[in-house]
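# Close look at the chain arrangement
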Amino acid sequence: MKTVLIGAGNLATNLGRALLEAGHDILQVYSRTMESAMALAPQVGGAPTNDLDSIVRDADAYIVAVKDSALVELIPKLCKGRENAVFMHTAGSMPIGVFQGMAFHYGVLYPMQTFSKSRQADFSKITCFIEANDAHAMKVIRHLAETTCGATRELSSEERRHLHLAAVFACNFVNHCYEISSEILERHDIPFEVMLPLIDETARKVHDMSPMKAQTGPAVRYDENVIREQARMLHTDPFARDIYERMSLNIYRKYKNKGNSD
């Protein structure tokens, strides 16, 4: 399938490589800066450009993988003169309706994963959530998803908003806790690597049991002596202390309400 990739960030980089590996033809890579477009283009086989007017008009699909604020600005310019092609964005929290009135065939291709340019994600283990406004767009988007990702699932814009919110808690906030952990260790010359077995086991556990059943630690039983002392140790970082106290209280509240406290 002939595609044009709009964007050269973390997601676009990983998705572009996966599309190429799946046998799709990426004609062009667009980015706001030529430097970014030129960095990604050789990796995926397309020609770099930072000029929307120079984007080809005969691609089968245009995949828009940019930040949400840029998406709204780009769509009218991108769709103009290419209205009969299939357009899709890759955002978790943006509705399908951002394309309405701009193109005839459009939808969403949302591979839910955390992406970094320096680390290629394994798309065979990623679920791609898709949505389309008509049968033709769905056929194209489903083909791209099924040939690129390990699993494909249709999801409405409203459901995808909640999926993305859940992902923020499961990924972004968890990673921020890793960062706080790393800072605490660094202040005492302890390498973050000592946490990796714990992190790995914590992630493995929820493959076999619910997060509620997997929860351990002083907050489950609300061990006030431990919680008070650990909160005191965070006195130099009031934001981390606030996170610690609020999260401890929320863990205890949920367990108490479920009748699981010990």
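In this text, all values refer to a predicted model and were calculated from it rather than measured experimentally.

## Observations concerning helix α4 (residues 135-148)
Taking 1.5 Å of rise per residue, the 14 residues of α4 would be expected to cover 20 Å, and the 20 Å separating its terminal C-alpha atoms lies within 8% of that figure. Regarding α4, its N-cap is aspartate 134, as a side-chain oxygen of that residue lies 3.4 Å from the backbone nitrogen of histidine 136 further along.

## With respect to the packing of aromatic side chains
Tallied over the entire structure, the rule returns seven aromatic pairs. Pairing phenylalanine 169 with phenylalanine 173 gives two aromatic rings, centres 4.9 Å apart and planes at 80 degrees, and the pair type is edge-to-face. Here phenylalanine 173 and phenylalanine 169 lie together in helix α5 (residues 157-187), a separation of four residues that amounts to about one turn.

## As for the nonpolar core
In a soluble, globular protein the nonpolar side chains are often hidden away together inside. Counting 31 residues, the largest nonpolar core has Leu15, Ile63, Met88, Leu109, Phe123, Ile130 and Leu144 as the members making the most contacts within it. Of all elements in the fold, only α1 (10-21), β2 (25-30), α2 (34-44), β4 (61-64), β5 (86-89), β7 (127-132) and α4 reach the threshold of two or more residues within this core. Residue contributions to this core peak at six residues, all from α4. Residues within four places of isoleucine 63 in sequence aside, it is in contact with Thr3, Val4, Leu5, Ile6, Leu15, Leu19, Met88, Thr90 and Leu144.

## Regarding the packing of α1 against α2
Interaxial distance between α1 and α2 falls to 9 Å at its minimum, and their mutual angle equals 20 degrees. Judged by the inter-axis angle, α1 sits roughly parallel to α2. In this structure, α1 meets α2 at a crossing whose hand is right-handed. Counting all contacts with α1, which are made through Ala12, Thr13, Gly16, Arg17 and Leu20, the residues of α2 involved are Leu40, Gln43 and Val44. Residues belonging to the contact of α1 with α2 are distributed by class as follows: four nonpolar, three polar and one charged.

## Remarks on the pairing of β2
Inspection of the sheet shows strand β1 (residues 2-6) paired to β2 by five bridges, in the parallel sense. In the strand pairing of β2, isoleucine 6 is matched with tyrosine 30. For the segment spanning β1, α1 and β2, crossover handedness is right-handed. Two strands pair when backbone bridges link them, and β2 and strand β3 (residues 47-49) are joined in this way by three bridges, in the parallel orientation. Looking at the pairing, valine 29 lines up with proline 48 of β3. Tracing the backbone out of β2, into α2 and back to the parallel element β3 gives a crossover that is right-handed.

Rules of the game
- Residues numbered from 1 in each chain as written.
- Predicted model: local features only at pLDDT ≥ 70, side-chain atom pairs only at ≥ 80, totals over all residues.
- Heavy atoms only, no water.
- Helix = DSSP H or I, 4+ residues; strand = E, 2+ residues; numbered from the N terminus.
- Expected span 1.5 Å × (residues − 1).
- Polar contact = N/O pair within 3.5 Å; in protein donor to acceptor, adjacent residues only side chain to side chain.
- Phe/Tyr/Trp six-rings, centres within 6.5 Å; stacked < 30°, edge-to-face > 60°.
- Core = buried A, V, L, I, M, F, W, Y, C linked by side-chain atoms within 4.5 Å.
- Buried < 20%, exposed > 50% of the residue type's maximum accessible area, 1.4 Å probe, protein only.
- Contact = heavy atoms within 4.5 Å.
- Axes fitted to C-alpha atoms, helices over the stretch in contact; angles between N-to-C directions.
- Parallel < 35°, antiparallel > 145°, perpendicular 65-115°, else oblique.
- Left-handed = near helix turned anticlockwise from the far one by under 90°.
- Nonpolar A, V, L, I, M, F, W, Y, C, P; charged D, E, K, R; others polar.
- Pairing = 2+ DSSP bridges.
- Right-handed = clockwise from strand over helix to strand, strands pointing away.

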